[in-house]
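Letter by letter, the chains look like this.
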Amino acid sequence: MPTRDQILSALRSVIDPELRRDIVELEMVRAVEIHENGVVDVTVSLTTAGCPIRNHFQTAVAGAVRELEGVSAVNVSFDVLSDAEKAALGSKLGRKSLPEGALAQVSNIICVGSGKGGVGKSSVTTNLAAALVAEGKQVGVLDADVWGYSQPRMLGVPHQRPRVNAERKIIPLPAYDGITVMSIGFFVEEEAAVVWRGPMLHKALQQFLEDVEWGELDYLLVDLPPGTGDVSMTLAQLLPQAKFVIVTTPQPVAQKVARRSAEMASKLKLEIAGVIENMSGFVAPDGERYQLFGEGGGQLLAEELEVPLLGKVPLTIALREQSDAGVPVVFSDPDDPAAQALRYAARGLIALSPVELPVMQMAAPAAAPQPTGMSLPMA
Ligand SMILES: Nc1ncnc2c1ncn2[C@@H]1O[C@H](COP(=O)(O)OP(=O)(O)OP(=O)(O)O)[C@@H](O)[C@H]1O
Ligand SMILES: [Mg+2]
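Note that the structure is a prediction, hence the values are computed from the model and not measured.

Caption draft 1: Molecular detail of the overall build of the chain. Across its full length, the chain carries 13 helices and 14 strands. Counting only residues that meet the buried cut, the chain has 50% of its 379 residues in that class. A fraction of 76% describes how many contacts in the chain between residues 6 or more apart in sequence connect residues 24 or more apart. Summed over all atoms, the accessible surface of the chain reaches about 18200 Å², with 52% contributed by carbon and sulfur.

Caption draft 2: A look at helix H1 (residues 4-11). By the burial criterion, the buried members of H1 are Ile7, Leu8, Ala10 and Leu11. The buried residues of H1 occupy one face: seen down the axis, they fall within an arc of 160°.

Caption draft 3: Structural detail: the pairing of strand E9 (residues 179-183). Burial analysis of E9 places 5 of its 5 residues in the buried class, which makes it a mostly covered element. Along E9, one buried face is formed by Ile179, Val181 and Ser183 and the opposite face, lined by Thr180 and Met182, is buried too. Bridge analysis of strand E7 (residues 139-143) against E9 gives 5 bridges, and the strand direction is parallel. Paired with glycine 140 across the strands is threonine 180, a residue of E9.

Caption draft 4: Inspection of the site of ligand 1 at higher detail. Residues in contact with ligand 1 amount to 18 residues; listed here are only the nearest, Gly118, Gly120, Lys121, Ser122 and Ser123. At 2.8 Å from an oxygen atom of ligand 1 is found a side-chain nitrogen or oxygen belonging to serine 122. At a separation of 2.9 Å, a nitrogen atom of ligand 1 approaches a polar side-chain atom of asparagine 278. For ligand 1, whose unbound accessible area comes to 630 Å², protein coverage reaches 79%. For the shell around ligand 1, the residue count by class is 7 nonpolar, 8 polar and 3 charged.

Caption draft 5: Spatial organisation of helix H11 (residues 317-324). What H11 keeps buried is the set Ala318, Leu319, Gln322 and Ser323. Down the axis of H11, the buried set is contained in an arc of 120°. They therefore lie on one face. Buried residues in H11 make contact with helix H4 (121-134), helix H5 (151-154), helix H12 (329-332) and helix H13 (337-352). Two residues or fewer after H11 comes glycine 326, characterised by a positive phi angle close to 80°.

Caption draft 6: Representation of the side chain of threonine 125. Examined against the element boundaries, threonine 125 turns out to sit in helix H4. Judged by its relative accessible area of 0%, threonine 125 falls in the buried class.

Caption draft 7: Summary view of the sheet that holds strand E4 (residues 39-46). The sheet built from 3 strands is open, its strands ordered E3-E4-E5 with mixed pairing. Among the strands making up the open sheet, the edge pair consists of strand E3 (29-34) and strand E5 (73-80). If you compare each strand with its neighbour and ignore which way they point, the axes differ by 15° on average.

Caption draft 8: Structural view of the environment of leucine 11. Tracing the sequence through the fold places leucine 11 in helix H1. Look at leucine 11 and you get buried, because its relative accessible area is 0%. Apart from residues no more than four positions distant in its own chain, leucine 11 is found in contact with Ile23, Val24, Val29, Val42, Val61 and Val65.

Caption draft 9: Layout of the pattern of salt bridges. By the definition in use, this model includes 7 salt bridges. Residue glutamate 85 is joined to arginine 30 by a salt bridge in which the shortest nitrogen-to-oxygen separation is 2.6 Å. Placement of the pair is glutamate 85 in helix H3 (residues 83-92) and arginine 30 in strand E3, with a sequence separation of 55 residues. Of the residues examined, glutamate 85 reaches a relative accessible area of 29% and is grouped as partly exposed. Linked by salt bridges that have partners in common, Arg30, Asp79 and Glu85 make up one network.

Caption draft 10: View of the confidence of the model for the chain. When pLDDT is averaged along the chain, the result is 82, and 82% of the positions lie at 70 or above. Taken as a whole, residues 95-100 scores under 50 in pLDDT and shows 9 contacts with residues more than four places along the chain or in a different chain.

Caption draft 11: Fine view of the packing of H4 against H13. Running from N to C, H4 and H13 cross one another at 70°; their axes reach a closest spacing of 8 Å. It follows from the interaxial angle that H4 and H13 lie roughly perpendicular. Here H4 runs over H13; the crossing is right-handed. The segment H4 lies against H13, with Val124, Asn127, Leu128, Ala131, Leu132 and Ala134 engaging Leu342, Arg343, Ala345, Ala346, Leu349 and Ile350. Within the contact of H4 with H13, the residues separate by chemical class into 10 nonpolar, 1 polar and 1 charged.

About the cut-offs
Residues numbered from 1 in each chain as written. Chains lettered and ligands numbered in written order. Predicted model: local features only at pLDDT ≥ 70, side-chain atom pairs only at ≥ 80, totals over all residues. Heavy atoms only, no water. Helix = DSSP H or I, 4+ residues; strand = E, 2+ residues; numbered from the N terminus. Buried < 20%, exposed > 50% of the residue type's maximum accessible area, 1.4 Å probe, protein only. Contact = heavy atoms within 4.5 Å. Areas by Shrake-Rupley, 256 points an atom, 1.4 Å probe, with all protein chains shown as cover. Arc of directions from axis to C-beta. Pairing = 2+ DSSP bridges. Near = heavy atom within 4 Å. Polar contact = N/O pair within 3.5 Å; in protein donor to acceptor, adjacent residues only side chain to side chain. Nonpolar A, V, L, I, M, F, W, Y, C, P; charged D, E, K, R; others polar. Axes fitted to C-alpha atoms, helices over the stretch in contact; angles between N-to-C directions. Salt bridge = Lys/Arg side-chain N within 4 Å of Asp/Glu carboxyl O. pLDDT = per-residue confidence, 0-100. Parallel < 35°, antiparallel > 145°, perpendicular 65-115°, else oblique. Left-handed = near helix turned anticlockwise from the far one by under 90°.

As structure tokens, then:
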């Protein structure tokens, strides 16, 4: 059976992503109880009840303790630091108050990635954003592809230097009603991006994440660059509360590459929310479906990772045409089979999110998505 000290030393690997120190040092481990049968109960104190990184702690604490010999199961529970404890923590950190963090009002962060380029990460991101809006959610889209950003174009937002407010925060650009977008590419000179590596890249991304004022969001979708390179790794470290959605195509080769992203996610202790299979057959305008890239890759990968297959998105002409035109197909052609598959995937994602406790106010009914500041091109 592990001792209390062994458990505490294992818990030193659990880092509070906002405070950037481990939870033992931060004195956030309220209680550790070791039972005869190898079950360990850990209570972690959070700074706020609705802490968006609660899931991160849940996974990381359970993962760290489960590694110890003799542990059969881990129960993680939470309570909240008292005001006095928060103040003590604040002075310990040498700050008057705890950092609010630009992402404090973001409920869910979803990174859309894959091991390979060109599988449709960006198209899936754009349309998932639209589909989440159609479900009444407020969504931000962060294009993290330093070298080849596509979200502004796919969301119909022209390249521009974003506005900075009085607090020197960067304001994301409005795309469609309910969607705001920001691209790292807006700030990067093309030549500069090429030499960004390692610590320099880390610093730049960190500053960028801290400086963008997203405001209140239900979902922040992050369109990752292809592969498991520096940007993906760094973002994963900077956003430990994020979940991964892996996009793959139906053929086995793509699946092998997608698995690499999954391995990266698990190494960084990021939770994988699910798999989306894209280019899952071609649906011709007459409705006939052709399995251009084989079948079943998404399902296999999902089974292997023990996560849900959130959707199978076919290739359709409408999706391609409309992403080129800057209009998510989910808005412009809701009957398109790809649009429907993406709506289905978005509902799956919502179903996976932790349910928030009801507050004493009625949610406003979801408004139909309307483009702001631009008009829909005729299809
Ligand atoms: N389901 C689909 N139906 C039709 N066209 C699609 C579909 N998915 C992606 N495409 C098209 O395939 C191309 C590549 O898609 P996209 O840019 O989304 O891929 P990506 O994985 O983000 O690429 P990269 O690795 O370069 O970032 C685009 O032209 C896009 O319009
Ligand atoms: Mg892309």
